[in-house]
Amino acid sequence: MTGGQHSAVIFFDVNETLLDTTELKAYLARRLDNRPDLAEGWFTSLLHYSLVESATGSWHSFGEIAEAVLQMTAERYGITLRDDGRSVAETLAAMPAHSDAADGLSALRNMGYTLVALTNSSAALAEEQLNATALRPFFSRVLSVEQPQRYKPDLRVYQWAMSEMGQPAAQSLMVAAHGWDVGGAKRAGMHTAFIARKGQALYPLAPAPDYVASDLRQLATLIKPLR
């Protein structure tokens, strides 16, 4: 994307980048004795233990890790998990899209880019999420880490995704609302765009992204069209 080059494929993270996690956080807080602070800690631990899986050569689905980390969080703080009538995976599947998502995706696709979802969620969950929010038609492919059985930001995930799409790193852009995700993609050689959702920040020790935008609508104004 820099130096006059264009990215032919734009890869998108799904959870938090495209989908609003507000209700998920409220759900977690309710189950954790109405403790919003512990819900935030759950997110950090979820990333931690997904990377433990990758580092140790183990594999469990995102939903399985999410439930396990929820149990660990409750045990750590001496809390009995409340029954909310839904699992974490069911709550993840019901998250709404951010208000800017459809407009931004539509603009980028109309500019000539191929759009691909690249998620730590299972393929089935991602398909359910994107279909429920009417975002699925924007994407040519939905790629899940369950195929390489490694979690982002393992560099092998980004390399696998680019190989799946037949694209070199110079023609690939990763869009995410997580500093760890854009940091991993950048180290894999991809162009990157950070979506500065509320509460998110870049990792200062990672290479700077090529783009920083407040939302997907703004991102579409920063990227040049292919045609």
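Scanning the entire structure with this criterion turns up four aromatic pairs. Pairing F12 with F139 gives two aromatic rings, centres 5.9 Å apart and planes at 75 degrees, and the pair type is edge-to-face. Here F139 lies in the loop between α6 (123-132) and β3 (141-144) and F12 lies in strand β1 (residues 9-12), a separation of 127 residues in the sequence. Its relative accessible area of 5% is what places F139 among the buried residues.

This part takes up the nonpolar core. F11, F12, L18, F139 and L219 are the most contacted members of the largest nonpolar core, which has 67 residues in total. Contact partners of L18, with chain neighbours within four places excluded, come to F12, D13, A97, H98, A101, L105, L130, L135, F139 and L216.

Moving on: helix α8 (residues 179-187). What α8 keeps buried is the set G179, D181, V182, G183, G184 and A185. Among the structural elements, α7 (155-164), β4 (172-176) and β5 (191-195) are those in contact with the buried residues of α8. Backbone geometry just after α8 places G189 at a positive phi near 100 degrees.

Within a beta sheet, neighbouring strands are joined by backbone hydrogen bonds and run either parallel or antiparallel to one another. Spatially, β3-β2-β1-β4-β5-β6 is the arrangement adopted by the six strands of the open sheet, whose pairing is parallel. Sheet topology places β3 and β6 (211-213) at the edges, where each strand pairs with a single neighbour. Between one strand axis and the next, the sheet turns by 20 degrees as a mean value, whatever way the strands run. Contacts between α8 and the sheet are confined to β4 and β5, with β5 contributing the most and set at about 175 degrees to the helix.

Analysis parameters
- Residues numbered from 1 in each chain as written.
- Predicted model: local features only at pLDDT ≥ 70, side-chain atom pairs only at ≥ 80, totals over all residues.
- Heavy atoms only, no water.
- Phe/Tyr/Trp six-rings, centres within 6.5 Å; stacked < 30°, edge-to-face > 60°.
- Helix = DSSP H or I, 4+ residues; strand = E, 2+ residues; numbered from the N terminus.
- Buried < 20%, exposed > 50% of the residue type's maximum accessible area, 1.4 Å probe, protein only.
- Core = buried A, V, L, I, M, F, W, Y, C linked by side-chain atoms within 4.5 Å.
- Contact = heavy atoms within 4.5 Å.
- Pairing = 2+ DSSP bridges.
- Axes fitted to C-alpha atoms, helices over the stretch in contact; angles between N-to-C directions.

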